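Architecture and fold: a report
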Amino acid sequence: MTSMQLPPGNDFNATWTFLEEGLDQIMTRFEQGLDRTRYSILYSVVHNYCARSDSTLQYNSLAQAGTVSRKPAHAPPLIGRELYVNLSNYLKNHLENIRRESEQYLDESLLQYYTKQWTRYTAAARVINNIFMYLNRYWVKREIDEERKSDVHDVFTLTLVSWKKYMFEYVNHNVIAAVLKLITKQRNGEMIETGLIKNVVESFVSLGLDHNDPSRSNLDVYRDYFEKDFLAATEVYYKTESEKFISENSIPDYMKKAETRLNEEEGRVQMYLHPTTHKTLVPICETVLVKNQEESIWDGFQSLLNMDKQEDLHRMYSLLARIVDGLNPLRVSFEAHVKKAGLSAIERIAQNENESLDPKIYVDTLLEVHKKYNDLAQSAFSGEAGFVAALDKACGEFVNRNKVCKGTSSKSPELLARYCDQLLKKSAKNPEEDELEDVLNNVMTVFKYVEDKDVFQKFYSKMLAKRLVNGTSASDDAEGSTISKLKEACGFEYTSKLQRMLTDMSLSKELNDSFKELVQQSQEQSGSNADFNILVLSAGSWPLSPPSTSFNLPDDVVKMYDRFQKFYQNKHSGRKLNWLFQLSKAELKTHYLKGSKVGYTFMVSAYQMGVLLQFNNADSCTYEELNKSTGLSPEALNPALGILVKAKVLLLKGSENVGDAGSRYLLNLDFKSKKIRINLNMQMRMEQKAETDETHKTIEEDRMFVMQAAIVRIMKTRKVMKHVALIEEVITQLQSRFKPRVPAIKKCIDVLLEKEYIERVENQKDMYSYVA
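Because the structure is predicted, anything quoted here is derived from the model rather than measured.

About the cut-offs
- Residues numbered from 1 in each chain as written.
- Predicted model: local features only at pLDDT ≥ 70, side-chain atom pairs only at ≥ 80, totals over all residues.
- Heavy atoms only, no water.
- Pairing = 2+ DSSP bridges.
- Helix = DSSP H or I, 4+ residues; strand = E, 2+ residues; numbered from the N terminus.
- Axes fitted to C-alpha atoms, helices over the stretch in contact; angles between N-to-C directions.
- Expected span 1.5 Å × (residues − 1).
- Buried < 20%, exposed > 50% of the residue type's maximum accessible area, 1.4 Å probe, protein only.
- Contact = heavy atoms within 4.5 Å.
- 1 Å grid on protein atoms, 1.4 Å probe; cavity = no way out; pocket = protein on both sides within 12 Å on 5 of 7 lines; lining within 4 Å.
- Points joined across faces, edges and corners; volume = space filled by probe spheres on them.
- Nonpolar A, V, L, I, M, F, W, Y, C, P; charged D, E, K, R; others polar.
- Parallel < 35°, antiparallel > 145°, perpendicular 65-115°, else oblique.
- Left-handed = near helix turned anticlockwise from the far one by under 90°.
- Core = buried A, V, L, I, M, F, W, Y, C linked by side-chain atoms within 4.5 Å.
- Phe/Tyr/Trp six-rings, centres within 6.5 Å; stacked < 30°, edge-to-face > 60°.
- Lys NZ or Arg CZ within 6 Å of the ring centre and 35° of its normal.

Below, the discussion takes up the sheet that holds strand β1 (residues 585-589). Here 3 strands make up an open sheet; going across it, the order is β1-β2-β6 and the pairing mixed. The two strands at the open ends of the sheet, each matched to only one other strand, are β1 and β6 (677-679). Here the average twist between neighbouring strands, direction ignored, is 25°.

So, on to helix α19 (residues 433-449). With 17 residues, α19 extends 25 Å between its outermost C-alpha atoms, agreeing within 8% with the 24 Å of an ideal straight helix rising 1.5 Å per residue. Listed in full, the buried residues belonging to α19 are L436, V439, L440, V443, M444, V446, F447 and Y449. Along its buried surface, α19 packs onto α16 (359-379), α17 (385-400), α18 (411-424), α20 (453-470), α21 (476-490) and α22 (492-521).

Reported here for the second largest pocket is a volume of approximately 380 Å³. Around the second largest pocket, the lining is made up of 15 residues, and of these K360, Y419, L423, K429 and P431 lie nearest the centre. Secondary structure elements with two or more residues in the lining of the second largest pocket: α16, α18 and α19. Here the lining of the second largest pocket is composed, by residue class, of 5 nonpolar, 4 polar and 6 charged.

What follows deals with the packing of helix α5 (residues 107-131) against helix α7 (residues 155-187). Interaxial distance between α5 and α7 falls to 9 Å at its minimum, and their mutual angle equals 155°. Judged on the interaxial angle alone, α7 and α5 are roughly antiparallel. The hand of the α5/α7 crossing is left-handed.

Attention now moves to empty space enclosed by the protein. Tallied over the entire structure, the rule returns 1 cavity of 30 Å³ or more. If you trace the largest cavity, you find it lined by L366, L367, H370, C395, F398, V399, T445, V446 and Y449. Among the secondary structure elements, those contributing two or more residues to the lining of the largest cavity are α16, α17 and α19. Looking at the lining of the largest cavity, its residues break down into 7 nonpolar, 2 polar and no charged.

Bringing the nonpolar core into the picture now. Ranked by size, the top nonpolar core spans 156 residues in total, and within it Y114, F132, F204, F226, F334 and Y362 carry the most contacts. Considering each element in turn, this core owes the most residues, 15 residues, to α7. Once residues lying within four places of it in the same chain are set aside, the contact partners of F204 are Y114, F168, V175, I176, V221, Y222 and F226. One finds M560, Y561, C621 and L667 within the second-largest nonpolar core, a separate group that totals 46 residues.

Applying the stated criterion across every chain, the model contains 36 aromatic pairs. When the centroid spacing of 6.1 Å and the interplanar angle of 50° are considered together, the rings of F204 and F226 count as tilted. Residue F204 is located in helix α8 (residues 194-206), and its partner F226 is located in helix α9 (residues 220-248); the two are separated by 22 residues in the primary sequence. Looking at F204, the relative accessible area reads 0%, which means it is buried. Geometry around F18 places R38 over its ring, the cationic atom sitting 5.4 Å from the centre. The aromatic ring of Y170 is capped on one face by R99, whose charged end is 3.8 Å from the ring centroid.

The next subject is the sheet that holds strand β9 (residues 767-770). Spatially, the 3 strands line up as an open sheet ordered β7-β9-β8, and their pairing is antiparallel. Each edge of the open sheet is held by one strand with a lone partner, namely β7 (720-722) and β8 (758-760). Mean inter-strand twist for the sheet, computed between neighbouring axes without regard to direction, equals 30°. Along the sheet face, helix α29 (residues 742-754) touches β8 and β9 and points at about 95° away from the line of β8.

In structure tokens form, the structure reads like this:
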């Protein structure tokens, strides 16, 4: 029988002999190739054997007798068991031969032999599976579906089951040991053939067969035989290495080593391990390399912070972020470090600046510390929320409680408000528009950390009022931008009065324009050459106090004053104007001095104007005469006179001190100055301090009312509350505005008890109820 002759379909021995010869060629001489004709013949032999039927013979014999039966034959039984059993035995014998040959190899040579045989075997198995496709399609399918036999598989699965049973079960120990040795070599820095490991691992994955569903595979073989041993070996290797390395090297060097090792292991998964190993391998490495050494790593944090080693700090953060609670000690240390740095920076400038600390230096120092450590938190710690919170907490501490504050948290908001005043007031040092926006954003950064925001609000509103009243505001846009930022940070209520102040300025401009137009249209001569400008401000929005003294308005401006009063009453009937002469100012032109051809212009307060206009009628006046003609109290007259005498506009005679009884004041006819316009409207230092003290006093009074209102609101809602719970609720509600002190809250509770807004519950000492 030649290779081209097919064996009879009903002769099993001839069929198997023919197939066995083909199997030998595929299994042992596959590299020589299998032509299409040979492949088709082998497929036909399997088909002919499995598809044969006795009905064919019956049909032929009846045809010779001259009659043909038209009745359909019974379905032939499916044939193929003998082929399946012989194929199984063939695979068993073939694999036993391979296994015996493998016993002469060890380590890397064993892996090379194993992978070579596996690659050849699986390639051959796919061809054999196709040749036996007819067997798979009918006999195997029926055995699996109807008989539900677990020992019958499609031919390709049979080849894998056979490899696992007759090859893998015997050699897996040596193969896995060889793989682990090769991985250890690579970890030690030696070059290895990674393809060997990859092929072995892929074979383990392929051998994971799901017996319930042969079309699906699982990772049981890979996990049970290889991954378990690999993970155990990895843990032992890194435990030994890490303990030795950290005892001989610095923490930064150890972190570099740990980082490198973790990256290597993640690369190893991608290179030749199954992807699922990542979720078990990496946590083991993190535990051994980081968790087990966390205390040593924590101990090295402070020195890295002190030396500002950002790269090492980022590496430490990245490593400790991998483990549970690894970053907590770092956050605590970072907070303490930032707080200490902030306090030290403020202490240095407090020693250099003495009493009059420049607000700009103070705020710039706060911002410098914040910027340094905010940049560190963003770069070294990747802006992680815990470190940002630690930074905020530390900044809150050194902004509100430092050497400059001297035990009170109201100094920082006051200085911040004064810094804003410097920025927004007309000056040669004013920043450009683009730069100003950045500076205002920095101001808001410090403002965020200020606890007593009501202190800032009070000082800011007073200084804003002065800028607007005195016309010293650098830019309306800048004022509006600052108020918008404050509104964004604290809400509408916080800035409503500030916004109203800006609105009043706009309305006053319109009012002035209308009044001037009326004056120009009027045919009546006022008899005064005074240029009159007025600001009408709503009493509830401006932090301005009524004058503390009477004042006789000079005749030169009385007519214009009366005319405006009449004009305003006609425009707004029922409104009353309260004149704030202590905030009014004037410009006086001199005609009596020879030192200037064009004459000097004195910029004075209204009170100074009242004094100087008396000298239009006389060259000298006594203190008593000035007191009577101006109507000013000594507390207002003495400072006004003092500045005029100090500037040598007036000369003091008959006494050493301004304001003494019987003292006389002469107009200095020889007055000279290099300037044409001379500002005499200056606030004395004592007046500034008194004003600051008065502001702080007002803040404390306002706080008492705010706390009382909060207590009433809370009690109205809750009806009954315990003492401690009430105090906690008041602090919670007001802490965004200021931090109420417990003794002050208790004092407010006592006041409200006395006023009968609340009362104590009978037989319960620490319980209050709301009185409706």
